[in-house]
Amino acid sequence: MGPVARLNDMGGIITSLSCYHGDAPYDEHLHCHETLHLSMVLQGGNIEKRKIKQIDCLPGTVTFYDAWEPHYSVHIIPGSCQVNLEIADGFIAEYDLSVRSFALEKSNPADTRFLMLKVYRELLVNDLDSSLSVTSALLRALYFSGKAASDQSVPNWVPLVKEMLHDRWNDHITLNELGLIASLHPANLSGYFPKYFGCTIGEYRRKLKIEKALELIKTSSVSLTTIAHRAGFADQSHFTRACKELTGWNPKQLRAMQFK
C-alpha cells in the first residue's frame, strides 16, 4: 500500500491515503492485505503486478484485491498518491453481504470511481459524520455488486437498455423509446430499473455524463465550462452540482488535485 500519509479506522472499514515522495521511481515488494482492498490512483501512477496479470494504473484507475492476494507495484512515479479502502470480513458478515473483488470489478467502473472519490473526501473531512457517509456509500456499492454477481435471472431487457443508454449517453432519449427496447410499459421500466441498476434512469444518465466529464478533465486542458457542454450539461452550475453530488468534489477541485 506504500507510505501512509493519512489513515482513518472506522471499525471494519479502514480508509487511507498513500503518497510516494522522492526523486526516483519507487518499487514495492510482494505483499498482501488481510482484507478485501480497493485502491484508486489520484495522481502519478504505477504498474501493478499479480500472479496472472499486470495492470497499468493511471489516475482514476481503481484496483481490487481479495484478502491475502499477493501483488506488488513497480515504476511508481514520484509524487504518486492513491486512496485506499480496506473492508474487513467482520463488516461483510455484519451486514450479511456476499461479495468478492471479482464482483466489484464487474460493477460499473464509474460507480467504483465515484465511491473512491467520496472515500477520499471523507478521509480529509474526518468529522463525526464521515463514518456514516462512507459506510452508507460502501454498503450500496457492495449490495449491488454482490447482487449482480449472484443474480442469475437478470432479464433480457437489462443489457439492451444499458447498451442504448451508453451508446446514446448525450442524446435525448424518451421513456417510450427505452420501453420499446425493453418490451416494457414505461411505468414498469421505471419501477424495475433501480432493482438492476441501483438508481433511477435519470441518475444513471447523469452518472454517464459525469464519467465523460472526468475523462475530459484527465485528458484535456479546456475550460470547465467547455467540459460541461461537451459532457452534455446545460451549464457549468448544473455540471458542478451533479459532480459534487456523485463524487463529493466539484470539477475545480478534481482538476486541482491533478486527477488528470
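Calculation criteria
- Residues numbered from 1 in each chain as written.
- Predicted model: local features only at pLDDT ≥ 70, side-chain atom pairs only at ≥ 80, totals over all residues.
- Heavy atoms only, no water.
- Core = buried A, V, L, I, M, F, W, Y, C linked by side-chain atoms within 4.5 Å.
- Buried < 20%, exposed > 50% of the residue type's maximum accessible area, 1.4 Å probe, protein only.
- Helix = DSSP H or I, 4+ residues; strand = E, 2+ residues; numbered from the N terminus.
- Contact = heavy atoms within 4.5 Å.
- pLDDT = per-residue confidence, 0-100.
- Salt bridge = Lys/Arg side-chain N within 4 Å of Asp/Glu carboxyl O.
- Lys, Arg positive; Asp, Glu negative; His and termini not counted.

**Student:** Which residues make up the nonpolar core, and what are the values?
**Tutor:** Core analysis: the biggest nonpolar cluster contains 46 residues, and Leu-42, Leu-85, Ile-87 and Ile-210 have the highest contact counts within it. At 8 residues, the largest contribution of residues to this core is made by helix H3 (residues 109-125). Ignoring any residue separated from it by four or fewer positions in sequence, one finds Ile-87 in contact with Gly-12, Thr-35, Leu-36, Leu-38, Ile-92, Leu-138 and Leu-142. By size, the runner-up hydrophobic cluster in this structure holds 16 residues, among which are Val-161, Leu-165, Ile-173 and Phe-197.

**Student:** A description of the confidence of the model for the chain should follow, citing residues and the corresponding values.
**Tutor:** The pLDDT averaged across the chain works out to 87; a share of 90% of its residues lies at or above 70. Confidence, expressed as mean pLDDT per element, reaches its minimum in the chain at helix H2 (residues 101-106) with 63 and its maximum at helix H6 (residues 175-182) with 96.

**Student:** Can you lay out the pattern of salt bridges for me, pointing to particular residues and giving the numbers?
**Tutor:** As enumerated under the stated definition, the model contains 6 salt bridges in all. Note that Arg-50 and Glu-69 form a salt bridge whose closest N and O atoms lie 3.1 Å from each other. Of the two residues, Arg-50 is situated in the loop between strand E4 (46-49) and strand E5 (54-57) and Glu-69 in the loop between strand E6 (62-65) and strand E7 (72-74); the sequence distance between them amounts to 19 residues. Since its relative accessible area comes to 22%, Glu-69 is described here as partly exposed. In this structure, Arg-168 engages Asp-171 in a salt bridge whose closest nitrogen and oxygen atoms are separated by 3.5 Å. For Asp-171, a relative accessible area of 36% puts it in the partly exposed group. Each of the salt bridges in this network shares a partner with another, and the network as a whole consists of Arg-113, Glu-215 and Lys-218.

**Student:** Which residues make up the side chain of Glu-211, and what are the values?
**Tutor:** Assignment of secondary structure puts Glu-211 in helix H8 (residues 201-219). The side chain of Glu-211 sits in the buried core without any salt bridge; Arg-113 is the nearest counter-charge, 5.5 Å away. Residues within four places of Glu-211 in sequence aside, it is in contact with Asn-108, Ala-110 and Phe-114.

**Student:** Help me get a handle on the environment of Thr-35, residues and values and all.
**Tutor:** In this fold, Thr-35 is placed in the loop between strand E2 (13-19) and strand E3 (36-43). With relative accessibility at 14%, the residue Thr-35 sits in the buried group. For the pair Thr-35 and Tyr-65, spaced 30 residues apart in sequence, the C-alpha to C-alpha distance is 8.3 Å. Beyond its immediate chain neighbours, meaning those up to four positions away, Thr-35 contacts Tyr-65, Asp-66, Ala-67, Glu-86, Ile-87 and Ala-88.

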